[in-house]
Amino acid sequence: MKKYVFLFASAVFMYSCGENKSTDANANKAFQDSAQSYLDSYNKKYQELSTISNEADWLSNTRIIEGDSSNTIATNKAQEESAKFTGSTENIEQAKKFLAQKDKLPELQVKQLNAILYNAANNPATIPDVVKARIKAETKQNQDLFGFDFRIDGKSVSTNDIDGILADETNMSKRLKAWEASKEVGKGLKNGLVNLRDLRNKTVQGLGYKDFFEYQVSDYGMTTQEMTDMLQKFNKELYPLYRELHTYARYEFAKKYGVKEVPDLIPAQWLPNRWGQDWASLVDVKGINLDSALKTKDAEWIVKQGERFYVSIGMPELPKTFWEKSDLYPAPKDAKYKKNNHASAWHMNYDQDVRSLMSVEPNSEWYETSHHELGHIYYYLCYSNPEVPILLRQGANRAYHEALGSLMGMAAMQKPFMENLNLIPKGAKTDEMQTLLKEALNYVVFIPFSTGTMSMFEHDLYAENLPADQFNKRWWELAAQYQGIAPPTTRGEEYCDAATKTHINNDPGQYYDYALSYILLFQVHDHISKNILHQDPHATNYYGNKEVGKFIADIMTPGASADWRKMLKEKTGSDLSAKAMLDYFAPLMDYLKKENQGRKYTMPELK
Ligand code: X8Z
Ligand code: ZN
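Residues numbered from 1 in each chain as written. Chains lettered and ligands numbered in written order. Predicted model: local features only at pLDDT ≥ 70, side-chain atom pairs only at ≥ 80, totals over all residues. Heavy atoms only, no water.

Trainee: Give a detailed account of the coordination of the zinc ion (ligand 2), specifying residues and quantitative values.
Mentor: Bound to the zinc ion (ligand 2) are the protein donor atoms H372 (NE2), H376 (NE2) and E402 (OE), situated 2.1 Å from the metal. For the zinc ion (ligand 2), the 4 donor atoms are set out with angles of 89 to 148 degrees between them, so the coordination reads as irregular. The sequence pattern formed by the donor residues of the zinc ion (ligand 2) is H-x3-H-x25-E. Here H376 is found in helix α15 (residues 364–383), whereas its partner E402 is found in helix α16 (residues 398–411), with 26 residues between them in sequence. Exposure class is identical for H376 and E402. Each is buried. (Donors = N, O, S within 2.8 Å, 3.2 Å for Na, K, Ca; no water. Tetrahedral: all angles 85-135°; square planar, octahedral: opposite > 155°, others 65-115°. Helix = DSSP H or I, 4+ residues; strand = E, 2+ residues; numbered from the N terminus. Buried < 20%, exposed > 50% of the residue type's maximum accessible area, 1.4 Å probe, protein only.)

Structural data, given as structure tokens:
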């Protein structure tokens, strides 16, 4: 009924107000022009200030020198300048003024104006002291995390050393020492985290968000409830498989370490990863030993090989400055500085200055991670084009940014791909079920950690104001509930095991990005395998396929000017769904059920 009236009214309008219409069009044009000139000047200034701030931050992460605060001071200053601009009352008012009549503006302008308000909410000029304190606390937390001197038996070790022990060592007392050494850093980060939680919440409350978790989730156009529902749904869908993997792993690890009594919860020090997020090294697949092939290469080969793969599918070579300015390898043993030990990719000037910070060693972990980081780098390069305004040089959403490089990392570890590169002998007969199992111990095992332990901890931290005397208790409750793992001994509140995870400190309230990125990765991979390569998703070879490259570049090129839901539907034919991931691993269910026959399951059956 309403629709009818509307149609009638607009018909009358059309016939009788021809003149007004063109005046309206002129007024709209003027309004759009004035929005555009505001956006142009914002984009320019934003790019300038971000570049300065990124340069300072880069130094703060690549040269951490005890007792030298010059980088810290420069970083804080640059970030304050940038915050003053992005959070200024003038910018907030301007963006709101234009958005009040957003129907008159094209989508591209509306998206940029929303991005301005989103940026502002993290730095509102109305509460300058809070913003300043938060910036200072963030820089300090990062220094404390990455300036930390990890020690085993009094000897300094790197996180690569610790990871190496956790991957290979079968001597349990050595494993325990390495695990415990890796958690020491958390103690000194606890007060900082409590302080940061308060400051992060207060900052975004200035512009009306309930808490920092809600703020970060809103970047997806979702509420906290919608996000946590979606995470729980994905976790539940993968749970039956996880439960089989958990049962299998308890018994296999016990065998490996010569333990007779199989514990109900897997002791954290048994697992080949500091947080139990990836158990892949439990399984060696005969005939496919990537690690032994990579031992014959050097670290530089690993990153160069990543580039060769991207170039083979039609992406450009990396800019010369990438190789000159990146910091890709571990600091020398005698270095007088420390560096951020977690892999990252940087878009320094929202244009061609792209860099990666890694500590690459020639092993399969870093092989995968290098492909992941180069995925971010190629994403940056793809959307750094005149069609995409600076403000929208972001992923379609944050999960897309994480997904595409991880997709390439996964593709680079499939058998036909590795055969093609002579990383494994051609035509070797291998056990496909073992390969699938190894992959599940990486990709499936990650889901309860990312949707559960990490995301629920951060939810409680920010949205529920988790009391400081319950951080460790809550962390291990969640680890037990979602991952079925337990600490070696009671971990009191003097520890802060959550804070040993990089993202809790410096990529806050966003870990579900990775959970969603894995779901998305399998969805995109399924499409590429079946519709472009016409290959079995379990055994593909993307190498050299330009059509695959075009498909990926088409997703990357519009950046955040694309609508992430629409894009997914257009590119893969469906909404975000775990179906492809479930299909991929489906053959494992029967295998694991057989392997687990007669074993005690200790994670509850799904109701
Ligand atoms: O943090 C990362 C990337 C950052 S660009 C290396 N990842 C998550 C993690 O290490 O916890 C990649 C997958 C999961
Ligand atoms: Zn990443």
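Trainee: So what's going on with the site of ligand 1? Residues and values would help.
Mentor: Taken together, Q277, H342, A343, H372, E373, H376, F446, K501, H503, Y511, Y514 and Y518 make up the full set of residues adjacent to ligand 1. Separating an oxygen atom of ligand 1 from a side-chain N or O atom of Y514 is a distance of 3.3 Å. Expressed as a share of its isolated accessible area of 370 Å², the protein-covered part of ligand 1 is 86%. Elements represented by at least two residues in the shell around ligand 1 include exactly α15 and α21 (512–533). (Near = heavy atom within 4 Å. Polar contact = N/O pair within 3.5 Å; in protein donor to acceptor, adjacent residues only side chain to side chain. Areas by Shrake-Rupley, 256 points an atom, 1.4 Å probe, with all protein chains shown as cover.)

Trainee: Which residues make up the environment of Q483, and what values go with them?
Mentor: Considering the arrangement of structural elements, one finds Q483 in helix α19 (residues 471–483). By relative accessible area, Q483 is classed as buried at 1%. For the pair formed by Q483 and M581, sequence separation is 98 residues and the distance between their alpha carbons is 19 Å. What Q483 contacts, discounting residues up to four positions off in sequence, is Y242, H246, W275, G276, Q277, W279, P448, F449, T453, L478 and M603. (Contact = heavy atoms within 4.5 Å.)

Trainee: Give a detailed account of helix α18 (residues 432–463), specifying residues and quantitative values.
Mentor: A rise of 1.5 Å per residue sets the reference length of α18, with its 32 residues, at 46 Å; its end C-alpha atoms lie 44 Å apart and thus fit the reference within 8%. Where α18 bends most, the angle comes to about 35 degrees, and this point is A440. Here α18 lies mainly inside the structure; 27 of its 32 residues are buried. The N-cap residue of α18 is D431: its side-chain oxygen and the backbone nitrogen of M433 are 2.9 Å apart. With its phi angle positive at about 50 degrees, N465 sits one or two positions after the end of α18. (Expected span 1.5 Å × (residues − 1). Bend = angle between axes of the 7 residues up to and from the residue.)

Trainee: Mind laying out the side chain of Q141, listing which residues take part and the relevant values?
Mentor: Tracing the sequence through the fold places Q141 in helix α6 (residues 128–146). Contact partners of Q141, with chain neighbours within four places excluded, come to L189, G192, L193, L196 and N505.

Trainee: Explain the pairing of strand β4 (residues 344–347) residue by residue, including any values.
Mentor: What you see with β4 is no split at all: S344 and W346 on one side and A345 and H347 on the other are buried throughout. Bridging between β4 and strand β5 (residues 354–357) involves 4 bridges; their strand directions are antiparallel. Paired with W346 across the bridge in β5 is R355. Where β4 folds back on β5, the antiparallel hairpin that results is connected by 6 residues, among which Y350 adopts a positive phi of roughly 55 degrees. (Pairing = 2+ DSSP bridges.)

Trainee: Help me get a handle on helix α5 (residues 107–121), residues and values and all.
Mentor: With 15 residues, α5 extends 21 Å from end C-alpha to end C-alpha; this agrees with the ideal 21 Å at 1.5 Å per step. For α5, the tally of buried residues reaches 12 of 15 residues, placing the bulk of the element in the interior. Those residues of α5 not exposed but buried are Q109, V110, K111, Q112, L113, A115, I116, L117, Y118, N119, A120 and A121.

Trainee: Describe in detail the nonpolar core, supporting the description with residues and values.
Mentor: Counting 157 residues, the largest nonpolar core has I528 and F585 as its most contacted members. With 15 residues, the single largest contributor to this core is α18. With sequence-adjacent residues up to four places away left out, F585 is seen in contact with L241, L436, E439, A440, Y443, V444 and F522. (Core = buried A, V, L, I, M, F, W, Y, C linked by side-chain atoms within 4.5 Å.)

Trainee: Account for the packing of aromatic side chains, naming residues and giving values.
Mentor: By the definition in use, this model includes 40 aromatic pairs. When the ring of F449 is compared with that of Y511, the centres are 5.5 Å apart and the planes differ by 80 degrees; the resulting orientation is edge-to-face. A residue pair is termed long-range when its members are at least 10 positions apart, and F449 in helix α18 and Y511 in the loop between α20 (502–506) and α21 qualify at 62 residues. Take F449 and Y511: they sit in the same class, and that class is buried. On the numbers, 5.6 Å between centres and 90 degrees between planes, the contact of F457 with W475 is edge-to-face. With a gap of 18 residues between them, F457 in helix α18 and W475 in helix α19 connect regions that are remote in the sequence. The exposure classification of F457 matches that of W475, with both residues buried. The cationic tip of R63 hangs over the ring face of Y337; the distance from NZ or CZ to the ring centre is 4.1 Å. Above the face of the W301 ring, K297 is positioned so that its terminal group lies 4.6 Å from the ring centre. (Phe/Tyr/Trp six-rings, centres within 6.5 Å; stacked < 30°, edge-to-face > 60°. Lys NZ or Arg CZ within 6 Å of the ring centre and 35° of its normal.)

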